[in-house]
Amino acid sequence: MDQPDACPASLQRLRSSAQFQAVLQGATVGRTPHFALHVLRWQPRQEGAAASSLLFADAHRHAGVLVPKRWARRAVTRNTIKRQMREAVRAHLPELPECCALVLRLRSGYDRKVYVSATSDALKRAVRAELDQLFLQARSCWASLPSPSRPAPAPRRRPSAAPATAGGQGAPSGTMRSAS
């Protein structure tokens with residue numbers, strides 16, 4: 001029995017935070033007032049090559065959605081928006097390039113005064129119309145994306161902020177200095 005939110009065979013879900021981070025560091029191919037579309041392309045794995053360091057080792061398309069609580073406080077609103085985002089990806093699947101991963105990200109919230117009910121048809125239509133506009137905008141960028149020439153890089157780690165010291169010199173605060 002098919003699940004309503006199950007991905008088609010040629011579309012895989014992004015599962016790890018490393019995959020999401022790698023795609024978010026890729027190209028942003030479209031923006032609308034409420035959404036952003038990030039894309040990363042890669043070279044498919046060659047026969048016999050080790051796949052342990054690759055985030056995307058297959059030739060499938062990958063997709064993920066991000067709906068932060070900051071922009072949709074109620075879970076029912078987040079879930080409604082996520083369903084519309086997944087449906088938009090499925091609808092535009094044939095136009096996506098091979099060996100690519102994309103992340104659809106909600107970048108601002110919908111006004112609760114205008115869309116009182118989180119499951120209203122008006123909200124669903126507004127979200128879907130904006131997502132269709134986003135994919136139309138991104139369609140012109142698919143060809144200009146850099147062709148995959150190497151495997152997807154591992155995501156860069158953010159440097160940890162070292163605690164500042166008095167005067168900017170010496171050992172970090174909270175540690176003892178040697179008396180020598």
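What counts, and at which threshold
Residues numbered from 1 in each chain as written. Predicted model: local features only at pLDDT ≥ 70, side-chain atom pairs only at ≥ 80, totals over all residues. Heavy atoms only, no water. pLDDT = per-residue confidence, 0-100. Contact = heavy atoms within 4.5 Å. Helix = DSSP H or I, 4+ residues; strand = E, 2+ residues; numbered from the N terminus. Buried < 20%, exposed > 50% of the residue type's maximum accessible area, 1.4 Å probe, protein only. Phe/Tyr/Trp six-rings, centres within 6.5 Å; stacked < 30°, edge-to-face > 60°. Pairing = 2+ DSSP bridges. Axes fitted to C-alpha atoms, helices over the stretch in contact; angles between N-to-C directions. Core = buried A, V, L, I, M, F, W, Y, C linked by side-chain atoms within 4.5 Å.

What follows concerns the confidence of the model for the protein. Put simply, the protein has an average pLDDT of 77, and 68% of its residues get 70 or more. Taken as a whole, residues 165-178 scores under 50 in pLDDT and shows ten contacts with residues more than four places along the chain or in a different chain.

Our next topic: the environment of R73. Mapping R73 onto the fold places it in the loop between β4 (61-66) and α2 (75-91). Of the residues examined, R73 reaches a relative accessible area of 63% and is grouped as exposed. In this structure the C-alpha to C-alpha distance between R73 and G109, which are 36 residues apart in sequence, comes to 9.0 Å.

It is worth spelling out the packing of aromatic side chains at this point. The final tally for this structure, using the stated rule, is two aromatic pairs. Ring centres 6.3 Å apart and planes at 55° place the aromatic pair F35 and Y110 in the tilted group. In this pair, F35 is assigned in strand β3 (residues 35-41) and Y110 in the loop between β5 (100-106) and α3 (121-142), connecting sequence segments 75 residues apart. Of the two residues, F35 and Y110, both sit in the buried class. Taking the centre distance of 5.8 Å and the plane angle of 80° together, the rings of Y110 and Y115 count as edge-to-face.

Turning to the sheet that holds strand β1 (residues 11-13), a few remarks are in order. Ordered in space as β1-β4-β5-β3-β2, the five strands form an open sheet in which the pairing is mixed. Edge positions in the sheet fall to β1 and β2 (27-31), since each of these pairs with one other strand and no more. Each adjacent strand pair in this sheet contributes to an overall mean axis angle of 25°, direction not counted. Of the pairings in the sheet, the one linking β2 to β3 comprises four bridges and is antiparallel in character.

What follows deals with the nonpolar core. Ranked by size, the top nonpolar core spans 28 residues in total, and within it F35, L37, I81 and L104 carry the most contacts. Of all the elements in the fold, those that place two or more residues in this core are β3, β4, α2, β5 and α3. Here this core gets eight residues from one element, more than from any other, and that element is α3. Those residues within four positions of F35 in sequence are excluded, and the remaining contacts are G30, I81, M85, R105, L106, R107, Y110, V127, E130, L131 and L134.

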